[in-house]
Amino acid sequence: MTVTVPAAANAPSQASVAVIATDIPARLDRLRWGRFHTLVVVALGITWILDGLEVTLAGAISPALKESPQLQFSNADVGLASSAYLAGAVLGALFFGWLTDRLGRKRLFFITLAVYLVATASTALSWNLASFALFRFFTGAGIGGEYTAINSSIQELVPARYRGWTDLVIGAAGSLVLLDPNVLAPDLGWRFAFLIGAVLGLVIFLMRLWLPESPRWLMTHGRVEEATAVLDRIEAEFRARGHHIADGPLPVIRLRARRSTPLREVAVTLFRVERRRTLVGLSLMVAQAFFYNAIFFTYALVLTDFYAIPADHIGWYLLPFAAGNFLGPVLLGRLFDTVGRRPMIATTYALSGVLLAGAGYLFAIGILSATGQTIAWMVIFFFASAAASSSYLTVSETFPLEVRALAIAFFYALGTGIGGVAGPWLFGALIDTGSRWSLYGGYLIGSVLMLAAAVIAARFGVAAERKPLESVSRPLAAAD
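The rules behind these values
- Residues numbered from 1 in each chain as written.
- Predicted model: local features only at pLDDT ≥ 70, side-chain atom pairs only at ≥ 80, totals over all residues.
- Heavy atoms only, no water.
- Helix = DSSP H or I, 4+ residues; strand = E, 2+ residues; numbered from the N terminus.
- Expected span 1.5 Å × (residues − 1).
- Buried < 20%, exposed > 50% of the residue type's maximum accessible area, 1.4 Å probe, protein only.
- Arc of directions from axis to C-beta.
- Polar contact = N/O pair within 3.5 Å; in protein donor to acceptor, adjacent residues only side chain to side chain.
- Contact = heavy atoms within 4.5 Å.
- Salt bridge = Lys/Arg side-chain N within 4 Å of Asp/Glu carboxyl O.
- Patch = residues over 30% accessible without salt bridge, like charges linked within 9 Å, V, L, I, M, F, W, Y side chains within 5 Å.
- Areas by Shrake-Rupley, 256 points an atom, 1.4 Å probe, with all protein chains shown as cover.
- Lys, Arg positive; Asp, Glu negative; His and termini not counted.
- Charge placed at Lys NZ, Arg CZ, Asp CG, Glu CD.

Trainee: Go over helix α10 (residues 224–240), please, and point to the residues and values.
Mentor: With 17 residues, α10 ought to run about 24 Å at 1.5 Å a step, and its terminal C-alpha atoms sit 24 Å apart, in line with that. Among all positions in α10, only Val-224, Ala-227, Thr-228, Val-230, Leu-231, Ile-234, Glu-235 and Phe-238 are buried. End-on, the buried residues of α10 take up no more than an arc of 160 degrees, which puts them together on one face. Seen from the buried face of α10, the exposed residues on the opposite side, beyond 90 degrees, are Glu-225, Arg-233 and Ala-240. The first or second residue beyond α10 is Gly-242, which carries a positive phi of 90 degrees.

If you want it as structure tokens, here you go:
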């Protein structure tokens, strides 16, 4: 049910905008999990696989880039290229996030995917450090843009009671992508590895053709008839597959339609109205970005430089690492919807920080073998992957619908910029020193950041579990 109420002619400017009374959010949230949601997760959530592919590639092919007759990268060069990818993700998230809130979720699906596809294919043709870093920058820009559009849509299409688990499990999928670029010659294997991303991008492009625009985005932009038509088709498909959708009155929300949200209103929302939520989101994103990117991007260098593992064996050590990444969100994800957001976020962040400090110390004193080190990382990232996924969940569900994509972009960009871009470069430089204790200092920085984020989440986090998005964060256009 949607009703448009015209405003009085002599009303103030804000009130002169037509008020829409609609039950679209309640209709979306009353649906049980169905084929539609599964297809949404596959078509949109595969973005995490793309990012997992890029992160895994960056770690797995580091030795191949150093051995490449044409590139001949140093450890610092590998770190610089990783930082270029993350810098692109930062700027891409901000730019495409701004466009996502203005142009819609669906249109940006294809723009950001096209940027990624062209850039990752171009990376395979790199001829020196400058070209490699440039193409990695634009690859990151495509991925950063994907995060903003995809996170927004998944949050707005998935029912409230499934939102936490879905977000965490999708994040885990990327860690299953494992490649061994050394099957081919040193200067060919890494090139073919990047072409895999381009081929996967083409497949994703076709998968997304059937996806609808977010009804929530449509309704806030005054396109109520389109939003209702989209939801009617979704419900018709549910009924055709035997799902019962109960009739009866549903909660109605009243909105003033708007074409866009001024950046000034976005800033006021983030830094004045919701400053506590901004503190939580920023602390979570910075901590996980430094923790995750610094360690994952340089792990292959640790294996080759400190444990003398041959380059063509690196993939075997990444396999259990990825297993921990995947199993954490899958097994812990339900608890974020049942035990609650605040206790689970605080717990996973705190455990990740404590375990990193402990494992780093054992590495520094030389007790751990390469196998022992890998097992330690597998245990650590069992919790850290759930923590990292929960940071995206937090920033995508705790801010108003009208600024959701830009809020995601802001936290992703600032968190990645502060914690992610500097991390790989710093760890690359620490590895070049050849000192285990120097590298342990880097691990301690990551540990402290995770523990600080845990304290902030426990104190100021939002109990958003199993609640409609509109009750977690009131839309800016709400007329009530």
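There's plenty left to go through after this.
Trainee: Before we move on, could you go through unusual backbone geometry and cite the residues and values that matter?
Mentor: Its identity is not glycine, yet Ala-308 carries a phi of approximately 55 degrees, on the positive side. Within the element layout of this structure, Ala-308 appears in the loop between α12 (275–306) and α13 (314–338).

Trainee: With reference to specific residues and values, describe the side chain of Arg-277.
Mentor: Its location among the elements puts Arg-277 in helix α12. At 2.8 Å, the side chain of Arg-277 forms a polar contact with the backbone oxygen of Thr-398. Within the local environment of Arg-277, its side chain forms a polar contact with the backbone oxygen of Val-472, the two atoms lying 2.9 Å apart. Not counting residues within four places of it along the chain, the set of residues in contact with Arg-277 comprises Thr-398, Phe-399, Phe-411, Val-462, Val-472 and Ser-473.

Trainee: Mind laying out the pattern of salt bridges, listing which residues take part and the relevant values?
Mentor: Counted under the stated rule, the structure contains 10 salt bridges. Between Arg-223 and Glu-226 there is a salt bridge, and its shortest N-O distance comes to 2.9 Å. Arg-223 gets classed as partly exposed once you look at its relative accessible area, which sits at 33%. For Glu-226, a relative accessible area of 40% gives the class partly exposed. For Glu-235, the salt bridge identified is with Arg-239, shortest N-O distance 4.0 Å. Here Arg-239 and Glu-235 lie together in helix α10, a separation of 4 residues that amounts to about one turn. Residue classification places Glu-235 among the buried positions, given a relative accessible area of 4%.

Trainee: Go over a positive patch on the surface with me, naming the residues and quoting the values.
Mentor: On the surface, Arg-275, Arg-276, Arg-342 and Arg-459 cluster together into a patch of positive charge. Tracing the chain through its elements places Arg-275 in helix α12.

These results come straight from atomic positions and should not be treated as a statement about function.
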